[in-house]
Amino acid sequence: STAEQVTEGIDLTGKTIAITGANSGLGYETMRVLALRGAHVIGIARSQEKADAACRSVKGQATPMFLDLADWESVVRCAEHIRALDVP
């Protein structure tokens, strides 16, 4: 089964979901399908450029963010940015 088949008929409108590793592999596919199903996805990658490119390439609402899990200050900044978003 594909992610699109598994989530067929699911409406995630009004949900906000943060996905790490959103620029490739499973993270990208997860972001792509959740956005397709109506979720506002925060696409997190190790560089802002990668996050920007990944979020631009999906249908739906995706907000790019940078996060380096090896850098505590980066984790704190990303969390602060997510909290500052105007989401329900």
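Residues numbered from 1 in each chain as written. Predicted model: local features only at pLDDT ≥ 70, side-chain atom pairs only at ≥ 80, totals over all residues. Heavy atoms only, no water.

1. Regarding the environment of Ser47
(1) Moving on: Tracing the backbone through its elements, the reader meets Ser47 in the loop between strand E2 (40-45) and helix H3 (48-56).
(2) Moving on: Judged by relative accessible area, Ser47 falls into the buried class, the value being 17%.
(3) Moving on: Separated by 24 residues in sequence, Ser47 and Asn23 place their C-alpha atoms 9.4 Å apart. (Helix = DSSP H or I, 4+ residues; strand = E, 2+ residues; numbered from the N terminus. Buried < 20%, exposed > 50% of the residue type's maximum accessible area, 1.4 Å probe, protein only.)

2. Things to note about the pattern of salt bridges
(1) Moving on: Evaluated as defined, the whole model comprises two salt bridges.
(2) Moving on: Linking Arg32 and Glu4 is a salt bridge whose minimum nitrogen-to-oxygen distance equals 2.7 Å. Of this pair, Arg32 sits in helix H2 (residues 25-36) while Glu4 sits in helix H1 (residues 3-6), and the two are 28 residues apart along the sequence.
(3) Moving on: For Arg32, a relative accessible area of 22% puts it in the partly exposed group.
(4) Moving on: Residues joined by salt bridges that share partners form a network here, namely Glu4, Glu29 and Arg32. (Salt bridge = Lys/Arg side-chain N within 4 Å of Asp/Glu carboxyl O.)

The analysis is restricted to geometry; functional conclusions fall outside its scope.
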